[in-house]
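Architecture at a glance
Here are the chains, one letter per residue:
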Amino acid sequence: MTAPLPIKTVATKPFNDQRPGTSGLRKKTRVFQQPHYLANFVQSIFSSLEGFAGKALVVGGDGRFFNREAIQLILKMAAANGFGEIIVGRSGILSTPAASAVIRHDKAFGGIVLSASHNPGGPDADFGIKYNISNGGPAPEKITEAIFAHSKAIESYKTVEAADIDIDSLGETFIGATKVRIIDPVAIYRDLMASLFDFAAIRALFASGFTMKFDAMSAVTGPYAKAILEGDLGAAPGTVLNGEPLPDFGHHHPDPNLVHCKHLYDLAMSDASPDICAASDGDGDRNLVIGRGQFVTPSDSLAIIAANAHLAPGYKSGIAGVARSMPTSAAADRVAHKLHVGMYETPTGWKFFGNLLDAGKVTICGEESAGAGSNHVREKDGLWAILMWLNVLAARKQSVKEIVRAHWAEYGRNYYSRHDYEEVATEGANALVAALRAKLPTLAGQQFGALTVESADDFAYLDPIDGSMSRQQGVRILFAGGSRIVYRLSGTGTSGATLRVYIERYEPDAARHDLETQAALADLIALAEQLADISKHTGRDKPSVIT
Ligand code: VG1
Ligand code: CO
């Protein structure tokens with residue numbers, strides 16, 4: 001340890017736009033590069049916390065442009081604010097689930113994750129920052145709102161005068177009295193995965209000729225996937241595509257959906273398909289799974305994982321319950337019902353799962369946006385979901401397609417699609433939502449063709465653990481028979497507004513499980529336009545992304 005450095009207090013003025021959204025603060029990179037912008041937010045985080053003096057903070061990110069500069073700034077500010085230790089992923093790399101795992105493993109006070117997740121990176125793209133609490137999960141709204149309140153009143157922040165730290169070499173060093181420990185970003189996460197899944201069975205699967213392509217999209221999961229899939233599990237070299245994290249993600253849009261991962265979809269639908277194609281997003285918490293000739297919707301994936309988790313050693317005694325975000329399809333509800341375990345419906349964003357996981361109410365959580373995870377960390381976890389699929393495939397000795405088909409035959413199929421209208425004018429998007437809200441009381445009982453509205457509301461969530469209430473989390477229109485239309489505005493975008501329309505139809509009849517999804521939902525899609533006047537309010541006659 002070296003002597004504490006003199007603390008430098010830097011005068012600043014508030015920015016008025018630092019309210020965290022669905023998952024932290026996300027802005028254009030250039031916004032973050034403005035003098036004091038990042039420092040103000042970091043100080044607002046620290047000023048919202050109590051009792052961290054001498055304790056550890058985990059810091060890492062998805063490697064995007066500005067990651068390294070941000071980490072140097074955070075190191076100095078964390079030292080000035082009195083943290084005892086800062087644990088940093090080598091080269092500033094920690095996937096979001098790995099950061100969560102490290103916080104838990106090293107019993108840190110909390111962590112800062114630098115990522116704008118599925119948003120593109122680079123000087124003209126997006127950057128983001130998020131605070132995670134000691135359970136390893138995203139700060140709950142109580143803390144994010146406190147951060148926002150501090151950011152509006154901030155007058156100064158604390159830092160120290162110190163040389164930049166070498167974050168590319170493992171080992172320990174000091175900033176004054178604060179220890180800085182540079183760790184292997186993969187090791188703790190890799191051991192955790194090995195403790196949950198039957199690596200021997202998955203190794204045997206690969207050894208028997210099973211083939212896979214995993215696209216890391218030049219984002220954070222490359223090193224994790226190479227170490228685990230090609231290293232521990234013996235998948236053929238070249239299984240991992242785009243495995244080097246690049247500051248601009250090689251110009252990929254690191255969102256593993258059917259638009260930005262179309263090449264994988266096309267591969268999976270071709271004669272040359274491997275047994276499974278998979279991908280993750282910028283910060284490693286999302287997953288895409290496509291079997292040979294079979295796309296798995298994230299909502300179905302959640303349900304299938306919940307139904308089969310007991311096949312993985314880490315979950316062999318069964319699951320306590322399942323939670324899904326409200327817009328996620330109800331496929332998982334049917335599994336929870338059959339297993340006689342609890343089912344929870346939360347607002348969008350992983351921060352709402354933390355209390356349920358901590359209280360032991362649920363084991364498996366998921367979102368329609370390609371996120372699934374469990375109580376092993378407090379974030380969604382892309383590679384975890386993919387390893388779970390590999391474990392299930394190894395145990396059931398069936399293909400992805402056979403497993404999906406059998407699941408539908410047993411539980412019925414929830415046809416599901418999300419239509420995004422990206423970067424539309426904020427005014428129009430707000431007007432659309434306001435008009436829908438005004439209409440809500442009149443909708444119940446109305447008939448539209450074969451569809452009868454059973455109920456319509458603006459989703460509100462009462463957290464059963466801490467009693468907190470979150471209102472206006474999405475307008476939902478529920479029809480007799482289990483069909484739904486849900487509308488909400490994104491909380492992760494960085495320009496204009498993004499309208500998300502979620503459309504779902506439940507089909508119990510196995511003879512009707514072969515329809516093309518958009519065709520199966522055609523009447524609901526038309527009604528979604530009619531009820532919300534989407535084209536009038538957004539000026540768009542079709543969605544920009546369909547997943
Ligand atoms: C989106 C998804 C949401 C997810 C969030 C963060 O939020 O819909 O399900 O939790 O992104 O994911 P929104 O508010 O834009 O709909 V990640 O992988 O970007 O951290
Ligand atoms: Co993400």
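Residues numbered from 1 in each chain as written. Chains lettered and ligands numbered in written order. Predicted model: local features only at pLDDT ≥ 70, side-chain atom pairs only at ≥ 80, totals over all residues. Heavy atoms only, no water.

For the record, the criterion: UniProt positions are given in the numbering used here, feature names are shortened, and annotations may be inferred rather than shown by experiment.
As annotated in an unreviewed UniProt entry, the chain carries the name phosphoglucomutase (alpha-D-glucose-1,6-bisphosphate-dependent) and comes from Rhodoblastus sphagnicola. A UniProt comment under Cofactor (unreviewed entry) is attached to the chain, and it reads "Mg(2+)".

**Considering the overall build of the chain**
Put simply, the rule is: Counting from the N terminus, the helices are the DSSP runs of H or I reaching at least four residues and the strands are the DSSP runs of E reaching at least two. We compute the radius of gyration over the C-alpha atoms and compare it with the globule rule, which gives 2.2 Å times the number of residues raised to the power 0.38. Throughout this description, buried means an accessible area under 20% of the type-specific maximum (1.4 Å probe, protein chains only), exposed means over 50%, and partly exposed covers the range between. The contact criterion used is simple: two residues touch if any of their non-hydrogen atoms lie within 4.5 Å. Areas reported as accessible are Shrake-Rupley estimates using a 1.4 Å probe. Residue values count occlusion only from the protein chains shown. Counted charges follow a simple rule, with Lys and Arg positive, Asp and Glu negative, and His plus the chain ends left uncounted. To locate a charge, the coordinates of NZ of Lys, CZ of Arg, CG of Asp or CD of Glu are taken.
Regarding its fold elements, the chain presents 18 helices and 27 strands. For a compact globule of 547 residues, the expected C-alpha radius of gyration is about 24 Å, and the chain comes in at 23 Å, within 12% of that figure. For the C-alpha atoms alone, the extent of the chain along its principal axes is close to 75 × 60 × 40 Å. A total of 547 residues make up the chain; the buried ones form 57% of that total. Counting contacts in the chain only where the partners sit at least 6 residues apart, residues at least 24 apart contribute 72% of the total. Total accessible area on the chain is roughly 20200 Å²; 52% of this is exposed by carbon and sulfur atoms. Counting 53 positive and 59 negative side-chain charges, the chain places the centres of these two groups 2 Å from one another.

**Details of the packing of helix α6 (residues 187–196) against helix α13 (residues 382–396)**
Quick reminder of the rule: Only C-alpha atoms enter the line fits that serve as axes; for helices the fit covers just the stretch in contact. Angles between N-to-C directions range over 0 to 180 degrees. Roughly parallel means an angle under 35 degrees; roughly antiparallel, over 145; roughly perpendicular, 65 to 115; everything else is oblique. Take the far helix as the reference: if the near one is turned anticlockwise from it by less than a right angle, the crossing is left-handed, and if turned clockwise, right-handed. Each residue is assigned to one of three groups, with Ala, Val, Leu, Ile, Met, Phe, Trp, Tyr, Cys and Pro labelled nonpolar, Asp, Glu, Lys and Arg labelled charged, and all others, Gly among them, labelled polar.
At a minimum axis distance of 11 Å, the contact between α6 and α13 shows a crossing angle of 30°. When the interaxial angle is binned, α6 and α13 end up roughly parallel. For the crossing formed where α6 meets α13, the hand is right-handed. Contacts between α6 and α13 pair Tyr189, Met193 and Leu196 from the former with Leu383, Trp384 and Leu387 from the latter. Partitioned by chemical class, the residues of the contact of α6 with α13 number six nonpolar, no polar and no charged.

**Here we look at the sheet that holds strand β20 (residues 447–448)**
This is how the line gets drawn: Between any two strands, at least two bridges found by DSSP are needed for them to pair.
Overall, antiparallel pairing links the seven strands, which are arranged β20-β21-β24-β25-β26-β19-β27 in an open sheet. Strands with a single pairing partner mark the edges of an open sheet, and in this sheet they are β20 and β27 (545–546). Pairing between β20 and strand β21 (residues 451–458): two bridges, direction antiparallel. Counted as the bridge partner of Gln447 is Thr452 from β21.

**Let's talk about the pairing of strand β5 (residues 110–114)**
Summarising burial for β5: five of the five residues are buried, a large majority. Judged by which residues are buried, β5 turns out to be covered on both faces: Gly110, Ile112 and Leu114 on one side and Gly111 and Val113 on the other are all buried. Sheet topology note: the strand β3 (residues 56–61)/β5 ladder contains five bridges and is parallel. Across the sheet, the residue bridging to Val58 is Gly111, located in β5.

**Digging into the sheet that holds strand β4 (residues 85–93)**
Sheets are built from strands paired through backbone hydrogen bonds, the pairs being either parallel or antiparallel. Strands sit in the order β2-β6-β5-β3-β4-β9-β8 across an open sheet of seven strands; the sheet is mixed. Of all the strands in the sheet, just β2 (25–28) and β8 (171–175) have a single pairing partner and so form its edges. The sheet shows a mean angle of 20° between the axes of neighbouring strands, taken without regard to direction. Of the strands in this sheet, β3, β4, β5, β6 (126–132), β8 and β9 (178–183) touch helix α3 (residues 67–80), which is tilted by about 175° from β4. Against the sheet, helix α4 (residues 96–105) makes contact with β3, β4, β5, β6 and β9, and its axis sits at roughly 165° relative to β5, the strand it touches most.

**Overview of the pairing of strand β19 (residues 413–424)**
Among the twelve residues in β19, ten count as buried, and that is most of the element. Pairing geometry for β19 and strand β26 (residues 497–507), over ten bridges, is antiparallel. Residue pairing for β26: Val424 is matched across the bridge by Ala497.

**A few points about the UniProt feature "domain: Alpha-D-phosphohexomutase alpha/beta/alpha" (unreviewed entry) in the chain**
As annotated in UniProt, the feature "domain: Alpha-D-phosphohexomutase alpha/beta/alpha" (unreviewed entry) corresponds to residues 18–157, 189–290 and 299–411 in the numbering used here. Structurally, residues 299–411 comprises 45% helix and 16% strand, and the distance from its first C-alpha atom to its last is 13 Å.

**Considerations on the environment of Lys213**
With respect to the secondary-structure elements, Lys213 resides in strand β10 (residues 212–215). When its relative accessible area of 28% is taken as the criterion, Lys213 is described as partly exposed. Expressed as a C-alpha distance, the spacing of Lys213 and Leu94, which sit 119 residues apart in the sequence, is 22 Å. If we ignore the near neighbours within four places in the chain, the residues touching Lys213 are Gly238, Thr239, Leu241, Leu264, Leu267, Pro274, Ile276, Cys277 and Ala278.

**Description of the packing of aromatic side chains**
Where we set the bar: Classification of ring pairs rests on two measures: the distance between centres of Phe, Tyr or Trp rings, Trp counted by its six-membered ring, which must be within 6.5 Å, and the angle between planes, read as stacked under 30 degrees, edge-to-face over 60 and tilted in between. A positively charged side chain is recorded as over a ring if its NZ (Lys) or CZ (Arg) lies within 6 Å of the ring centre. The angle to the ring normal must also be within 35 degrees.
Applying the stated criterion across every chain yields a total of 16 aromatic pairs. Plain terms: the ring middles of Phe66 and Phe127 are 5.2 Å apart, the flat faces sit at 70° to each other, and that makes the pair edge-to-face. On the criterion of sequence distance, the pair formed by Phe66 in the loop between β3 and α3 and Phe127 in strand β6 is long-range, its members being 61 residues apart. Judged by relative accessible area, Phe127 falls into the buried class, the value being 0%. Directly above the aromatic system of Tyr411 lies the positively charged group of Lys338, at a separation of 5.3 Å from the ring centroid.

**Things to note about α13**
For the record, the criterion: By this rule the span expected of a helix is its residue count minus one, scaled by 1.5 Å. Think of a polar contact as two N or O atoms within 3.5 Å of one another; within protein, one of them needs to be a possible hydrogen donor and the other a possible acceptor, and neighboring residues in sequence only count if both atoms come from side chains.
With 15 residues, α13 extends 21 Å between its outermost C-alpha atoms, agreeing within 8% with the 21 Å of an ideal straight helix rising 1.5 Å per residue. With 13 of 15 residues buried, α13 is to be regarded as a mostly interior element. Between the side-chain oxygen at the start of α13 and the backbone nitrogen of Leu383 there is a gap of 3.4 Å, and the oxygen is on Asp381. Remark: Lys397 follows α13 within two positions and exhibits a positive phi of approximately 50°.

**Details of the nonpolar core**
Going by this rule: Residues belong to one nonpolar core when they are buried, are Ala, Val, Leu, Ile, Met, Phe, Trp, Tyr or Cys, and are joined through side-chain atoms within 4.5 Å.
Within the largest apolar cluster, 75 residues are counted, with the highest numbers of intra-cluster contacts made by Phe197, Phe214, Leu229, Trp384 and Trp389. Excluding residues that lie within four positions of it along the chain, Trp384 makes contacts with Tyr189, Met193, Leu196, Phe197, Ile305, Tyr315, Ile364, Ala372, Gly373, Ser374 and His376. Within the second largest apolar cluster, 42 residues are counted, among which are Val42, Phe109, Phe127 and Tyr157.

**Considerations on the site of ligand 1**
Where we set the bar: Each residue is tested against the molecule or strand, and it is near if at least one of its non-hydrogen atoms lies within 4 Å.
Within the structure, ligand 1 sits among 19 residues, and Thr22, Ser117, His118, Gly491 and Thr492 are positioned closest to it. Here Ser117 contributes a side-chain N or O atom positioned 2.5 Å from an oxygen atom of ligand 1. In the model, an oxygen atom of ligand 1 is placed 2.5 Å from a nitrogen or oxygen of the Thr492 side chain. In the shell around ligand 1, the residues fall into no nonpolar, ten polar and nine charged.

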